[in-house]
Amino acid sequence: MSSDLAGVWEVALSDGVHRIEFEHGTTTGKRVIYVDGKEILRRDWMFKLVGKETFNVGKSDTKATINIDAVSGFAYEYTLEINGKSLKKYMENRSKVTSTWVLNLDGTDCRVVLEKDTMDVWCNGQKIETAGEFVDDGTETHFTLGDHNCCVKAVSSGKRRDGIIHTLLVDGTEIAECTE
């Protein structure tokens, strides 16, 4: 990495947390984007120093855009948008459409993500094979992680505002949800 590093962002997607780094050479016109340490875009000798760069992140090819705006003189501001929303708005919305749990199984850290709209379950960047069933008080989505039986229970909170509550059980033990 050179001294032209202008912005670094951490973006939590279903397949994991991705690190986006942006280099902007204001004297050379260079723009370089790295995702998880891998260079994915390079432009040299750009005469226009402001603008935007759009690229994809993660296994689901989520659209990301870095906006480069002049603030004053030779000062620039860099903002990241995910799926057309500011990173802050995207993360706020994401917490409504996903549930995330972080746990340690057999000495391995696991990040389990439930996509509430599709009921897809991801663990450490891999989509997990699941089996869903209706039960008396809601639904259960069953899957295994190693030798462990896992289940995401979805039950109504009884309150319209709170909606459905999703709970992860691993071998019958409830795991606390984390906020990203």
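Coordinates for the structure precede this section.
Let us look at the structure shown here. None of these values were measured; they are calculated from a predicted model.

## What to know about the environment of M46
For M46, the location among the structural elements is in the loop between β4 (38-43) and β5 (51-57). With a relative accessible area of 25%, M46 lands in the partly exposed category. Spatially, the C-alpha atom of M46 lies 9.3 Å from that of T26, the residues being 20 residues apart in sequence. If we skip the residues at most four places from it in the chain, M46 touches T28, G29, R31 and E53.

## Side note on the sheet that holds strand β9 (residues 98-105)
Strand order in the open sheet formed by 4 strands is β9-β10-β11-β12, and the pairing between neighbours is antiparallel. The two strands at the open ends of the sheet, each matched to only one other strand, are β9 and β12 (126-128). Within the sheet, the average angular offset between the axes of one strand and its neighbour, ignoring direction, is 30 degrees. Where strand β11 (residues 120-123) and β12 come together, 3 bridges link them in antiparallel fashion. Of the residues in β12, the one forming a bridge with W122 is K127. On top of the sheet, helix α1 (residues 87-97) reaches β9 and β10 (108-115); it is set at about 75 degrees to β9, its chief contact.

## Digging into the pattern of salt bridges
The final tally for this structure, using the stated rule, is 13 salt bridges. The residue R31 makes a salt bridge to E53 at a minimum N-O spacing of 2.8 Å. One end of the pair, R31, is in strand β3 (residues 30-35); the other, E53, is in strand β5, and 22 residues separate them in sequence. Of the residues examined, R31 reaches a relative accessible area of 2% and is grouped as buried.

## Quick look at the sheet that holds strand β15 (residues 148-156)
In space, the 5 strands of this open sheet follow the order β13-β14-β15-β16-β17, with antiparallel pairing throughout. Whereas interior strands pair on both sides, the edge strands pair on one side only; in this sheet they are β13 (131-135) and β17 (173-175). Averaged over all pairs of adjacent strands, the angle between strand axes in this sheet comes to 30 degrees, irrespective of strand direction. By the bridge criterion, 3 bridges tie strand β16 (residues 164-170) to β17 in an arrangement that is antiparallel. Bridging across to β17, V170 finds its partner in T173.

Basis of the calculations
- Residues numbered from 1 in each chain as written.
- Predicted model: local features only at pLDDT ≥ 70, side-chain atom pairs only at ≥ 80, totals over all residues.
- Heavy atoms only, no water.
- Helix = DSSP H or I, 4+ residues; strand = E, 2+ residues; numbered from the N terminus.
- Buried < 20%, exposed > 50% of the residue type's maximum accessible area, 1.4 Å probe, protein only.
- Contact = heavy atoms within 4.5 Å.
- Pairing = 2+ DSSP bridges.
- Axes fitted to C-alpha atoms, helices over the stretch in contact; angles between N-to-C directions.
- Salt bridge = Lys/Arg side-chain N within 4 Å of Asp/Glu carboxyl O.

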